[in-house]
Amino acid sequence: MEVLLFKVQIYYSTLRIALIFLLSIGYSAHASSNTGYVDNYIAKSYFNRYDSLVDQEFDYFVANEIPLGLFKVLKDKYHVLPTLSGLHRNVAGEGSHRHLSSSIRFKLPHELKPELIAHSCEVIIIERLPSGVFADPFELQHLVQRDVFTDVAVFGDKNLELPSFRSNRTVVEIHMSIASKMFSSHEDDLVVNLGVPLHARYPALGLGFSRVQFRQPDLFMCCNIEENRSCVSMAIVDSEASSDVWEIPCGIKEHARIVSVVTFAFAVITALLLVSASATYSI
């Protein structure tokens, strides 16, 4: 009996080791097939793996999951690299609808320009928006139709009606072709000017203002080289982030009841006027 029990234990131990080995092989194959792959939208690849935007997780994703092989390709072939030489940003406009304006200057060696155009290279700007603001996807698509952007997409919380304290953050990813007319070239400089229309979410009731701070964008240059998409992350060397804070006025809690009563009264009066007009024209 003891011999039989010992044989059964050996059988199950061997079976467990075999299963662990097969699972590890399958996982390694799956991981290797996905290493270095990124969707046409960098942010889409991130949200395929994560439920919401967390800065630390996004930083890790950029550092470990995006194929950043363009740096080596350009350095080995041309011995020169594009660099980011300046970034100026400000929040323009008034009220609850404003523009986050950015002027980005690249130092681009002259001999690289034809190659970057030939390989359909584009600059990708990723704005990680704070929870107090949102971008309207339909409004951004109109800018694509007008050739302001080559492509644009919004990821994350797309519910435009939620107040800031109930919403999650969103990401706006903007693509601009290097061959696009939106680029102005001055010798070895490449200047990108863009404005992203943003809208304020309702902040929590309180006194004063809710301060929305914009962080620096994530900048990439991506090209199609030998049927593979390869990117390089553009490190920010010099930044002039002036006026990149948006102060959104908070509603006063003591006024909430008055506003509700007045709003309800106007709704009732409007409904009665509509019923009256409908009855008048139907006679």
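As the structure is a computational prediction, the values presented were derived from the model and not from experiment.

1. Comments concerning the overall build of the chain
Within the chain, the regular secondary structure consists of 7 helices and 13 strands. For the chain, the residues scored as buried account for 35% of the 283 residues in total. Taking the contacts inside the chain whose residues are at least 6 apart along the sequence as the reference set, 74% of them involve residues at least 24 apart. Split by element, the accessible area of the chain, about 17,300 Å² in all, is 59% carbon and sulfur.

2. Section: the nonpolar core
Counting 41 residues, the largest nonpolar core has Ile-104, Leu-140, Phe-149, Val-172, Ile-174, Leu-194 and Phe-214 as its most contacted members. The element contributing the most residues to this core is strand S8 (residues 189-200), with 6 residues. Look past the residues within four positions of Val-172 in its chain and what remains in contact with it is Ile-125, Ile-126, Glu-127, Leu-129, Ala-135, Leu-140, Val-152, Ala-153, Val-154 and Val-196. By size, the runner-up hydrophobic cluster in this structure holds 18 residues, among which are Tyr-41, Ala-43, Val-62 and Cys-231.

3. So, helix H3 (residues 55-65)
The complete set of buried residues in H3 reads Phe-58, Phe-61, Val-62 and Glu-65. The buried residues of H3 occupy an angular sector of 110° when projected down its axis, which confines them to one face. Within H3, the exposed residues directed more than 90 degrees away from the buried face are Gln-56 and Ala-63.

4. Things to note about unusual backbone geometry
In this structure, Asp-147 is a non-glycine residue whose phi angle is positive, near 65°. Assignment of secondary structure puts Asp-147 in the loop between helix H6 (137-145) and strand S5 (151-156).

5. Quick look at the pairing of strand S10 (residues 218-225)
Counting buried positions over the 8 residues of S10 gives 7, a clear majority of the element. As paired strands, strand S3 (residues 122-128) and S10 are joined by 5 bridges and run antiparallel to one another. Its bridge partner lying in S10, Val-123 is registered against Met-221. Where S10 lies against strand S11 (residues 228-233), 6 bridges are found, and the strand directions are antiparallel.

6. What to know about the packing of aromatic side chains
Tallied over the entire structure, the rule returns 7 aromatic pairs. Arranged with centres 4.7 Å apart and planes meeting at 20°, the rings of Tyr-46 and Tyr-50 form a pair that is stacked. Taking the relative accessible area as the measure of exposure, Tyr-46 reaches 0% and is therefore buried. Here the aromatic rings of Tyr-46 and Phe-61 are separated by 5.7 Å at their centres, their planes lie at 75°, and the arrangement is edge-to-face. You can see Tyr-46 sitting in helix H2 (residues 42-47) and its partner Phe-61 sitting in helix H3, a full 15 residues away along the chain. When its relative accessible area of 1% is taken as the criterion, Phe-61 is described as buried. An aromatic cluster is present here, built from Tyr-41, Tyr-46, Phe-47, Tyr-50, Phe-58, Phe-61 and Phe-155 joined pairwise through their rings.

Rules behind the numbers
- Residues numbered from 1 in each chain as written.
- Predicted model: local features only at pLDDT ≥ 70, side-chain atom pairs only at ≥ 80, totals over all residues.
- Heavy atoms only, no water.
- Helix = DSSP H or I, 4+ residues; strand = E, 2+ residues; numbered from the N terminus.
- Buried < 20%, exposed > 50% of the residue type's maximum accessible area, 1.4 Å probe, protein only.
- Contact = heavy atoms within 4.5 Å.
- Areas by Shrake-Rupley, 256 points an atom, 1.4 Å probe, with all protein chains shown as cover.
- Core = buried A, V, L, I, M, F, W, Y, C linked by side-chain atoms within 4.5 Å.
- Arc of directions from axis to C-beta.
- Pairing = 2+ DSSP bridges.
- Phe/Tyr/Trp six-rings, centres within 6.5 Å; stacked < 30°, edge-to-face > 60°.

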